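Listed here are the chains, written in short residue letters.
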Amino acid sequence: QVQLVESGGGLVQAGGSLRLSCAASGSILSINVMGWYRQAPGKQRELVAVITKGGSTNYEDSVKGRFTISRDNGKNTVYLEMNSLKAEDTAVYYCYADVVRVGERRGNDYWGQGTQVTVSS
């Protein structure tokens, strides 16, 4: 069993900052890609940012230059630093990890429970 636990969401004014964290725990052998997705009301879930085990990153265009994804492989934790937040960043943010469990050869997708980020204009 693998669990992803997110923290750091909340309410912030436009232009402000938040930092999300997501810690993976359980019978983990290794974690390939980790990332963040978000889902706003009435919209589909979309990719925000992902980071590989080696540190390569990819961002959704609207967050480039404002958000920074990072990870601590020793702690199985991924972070999302969000700056210059806009009202349109309001959404539930979900942590994602491609985890290879102990005794397995291939990774499987795991998701956190989601954390609400609300940006007031």
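It should be emphasised that the depicted structure is a prediction, and the values quoted were computed from it without experimental measurement.

Q: Can you explain the pattern of salt bridges? Please cite residues and give values.
A: Scanning all chains against the criterion turns up 6 salt bridges. The partner of Lys64 in a salt bridge is Asp61, and the shortest N-O contact between them spans 3.0 Å. Linking Asp89 and Arg66 is a salt bridge whose minimum nitrogen-to-oxygen distance equals 2.8 Å. Linking Asp89 in the loop between strand 8 (77-82) and strand 9 (91-101) with Arg66 in the loop between strand 6 (57-59) and strand 7 (67-72), this pair joins segments that are 23 residues apart in sequence. Each member of the pair Asp89 and Arg66 is classed as buried. Overlapping salt bridges bring together Arg38, Glu46, Glu60, Arg66 and Asp89 as one network.

The rules behind these values
Residues numbered from 1 in each chain as written. Predicted model: local features only at pLDDT ≥ 70, side-chain atom pairs only at ≥ 80, totals over all residues. Heavy atoms only, no water. Salt bridge = Lys/Arg side-chain N within 4 Å of Asp/Glu carboxyl O. Helix = DSSP H or I, 4+ residues; strand = E, 2+ residues; numbered from the N terminus. Buried < 20%, exposed > 50% of the residue type's maximum accessible area, 1.4 Å probe, protein only.

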